[in-house]
Amino acid sequence: MRRLVSPAILLIALAGCGSGAGGSDGTRKATSARAQFAGTCGSCHTLADARTSGTFGPNLDDRKPSKARVLAALMSGPGAMPSGLLAGAQADAVATYVAAVAGR
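What counts as what
- Residues numbered from 1 in each chain as written.
- Predicted model: local features only at pLDDT ≥ 70, side-chain atom pairs only at ≥ 80, totals over all residues.
- Heavy atoms only, no water.
- Helix = DSSP H or I, 4+ residues; strand = E, 2+ residues; numbered from the N terminus.
- Buried < 20%, exposed > 50% of the residue type's maximum accessible area, 1.4 Å probe, protein only.
- Contact = heavy atoms within 4.5 Å.
- Areas by Shrake-Rupley, 256 points an atom, 1.4 Å probe, with all protein chains shown as cover.
- 1 Å grid on protein atoms, 1.4 Å probe; cavity = no way out; pocket = protein on both sides within 12 Å on 5 of 7 lines; lining within 4 Å.
- Points joined across faces, edges and corners; volume = space filled by probe spheres on them.
- Nonpolar A, V, L, I, M, F, W, Y, C, P; charged D, E, K, R; others polar.
- pLDDT = per-residue confidence, 0-100.
- Core = buried A, V, L, I, M, F, W, Y, C linked by side-chain atoms within 4.5 Å.
- Salt bridge = Lys/Arg side-chain N within 4 Å of Asp/Glu carboxyl O.

With respect to the overall build of the chain
Thinking step 1. For the chain, the helix and strand inventory stands at five helices and two strands.
Thinking step 2. Helices and strands appear in the chain in the N-to-C order α-α-β-β-α-α-α.
Thinking step 3. Looking at the 104 residues of the chain, the share that counts as buried comes to 27%.
Thinking step 4. Long-range pairs, those at least 24 residues apart, make up 43% of the contacts in the chain between residues at least 6 apart in sequence.
Thinking step 5. For the chain, the exposed area adds up to about 6,700 Å²; of that, 60% sits on carbon and sulfur atoms.

This is how it looks when you write it as structure tokens:
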């Protein structure tokens, strides 16, 4: 019985790890932005980090857009891209994510 209790306590203790601010929070934000990009933009755009291979819009790995350029595209919807796909914190997170990973 003693062997079963120790791993159980360890699992409960580890479950709380990463719940605070810091690197874990940054990792969660990047993961969330990656998922948001994949779900909203990935059917049209290729971005290796998000494992998307859309062919309708430009390949973002080739373009390597800045955060400002991504935000502007999300707001204005250049070309066939619809405007206002994301706004506020979601747009900011996705733009930060794309600018950080495109072409890397």
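From this point, things continue past the structure.
Considering the layout of surface pockets
Thinking step 1. Approximately 470 Å³ is the volume attributed to the largest pocket.
Thinking step 2. Taken together, 24 residues make up the lining of the largest pocket; nearest its centre are His45, Pro58, Leu60, Ala73 and Met81.
Thinking step 3. When residues of the lining of the largest pocket are traced back to their parent elements, those giving at least two are helix 2 (23–40), helix 3 (60–63), helix 4 (67–76) and helix 5 (88–101).
Thinking step 4. In terms of residues, the lining of the largest pocket owes the most to one element, helix 4, which gives four residues.
Thinking step 5. In terms of residue class, the lining of the largest pocket is built from 17 nonpolar, five polar and two charged.

Some remarks on the confidence of the model for the chain
Thinking step 1. Per-residue confidence for the chain gives a mean pLDDT of 82, with 77% of residues at or over 70.
Thinking step 2. Considering only residues more than four positions removed or in separate chains, one finds that residues 1–22, a stretch of pLDDT under 50, has five contacts.

Some thoughts on the environment of alanine 38
Thinking step 1. Tracing the backbone shows alanine 38 in helix 2.
Thinking step 2. Taking relative accessible area as the criterion, alanine 38 reaches 30% and is therefore assigned partly exposed.
Thinking step 3. Along the primary structure alanine 38 and threonine 52 are separated by 14 residues, whereas in three dimensions their C-alpha atoms are 6.4 Å apart.
Thinking step 4. Look past the residues within four positions of alanine 38 in its chain and what remains in contact with it is Ser43, Ala50 and Thr52.

Some details on the nonpolar core
Thinking step 1. In this structure, Phe37, Leu47, Leu74, Tyr97 and Val98 are the most contacted members of the largest nonpolar core, which totals 18 residues.
Thinking step 2. Broken down by secondary-structure element, the contributors of at least two residues to this core are helix 2, helix 4 and helix 5.

Considering the pattern of salt bridges
Thinking step 1. The full count for this structure, using the stated rule, is two salt bridges.
Thinking step 2. Measuring nitrogen to oxygen at the nearest pair gives 2.9 Å for the salt bridge that ties aspartate 49 to arginine 34. One end of the pair, aspartate 49, is in the loop between strand 1 (46–47) and strand 2 (52–53); the other, arginine 34, is in helix 2, with 15 residues separating them in the sequence.
Thinking step 3. On the basis of relative accessible area, arginine 34 is assigned to the partly exposed category, the value being 30%.
Thinking step 4. The residue aspartate 92 makes a salt bridge to lysine 67 at a minimum N-O spacing of 2.8 Å. Taken together, the positions of aspartate 92 in helix 5 and lysine 67 in helix 4 put the pair 25 residues apart, joining distant regions of the chain.

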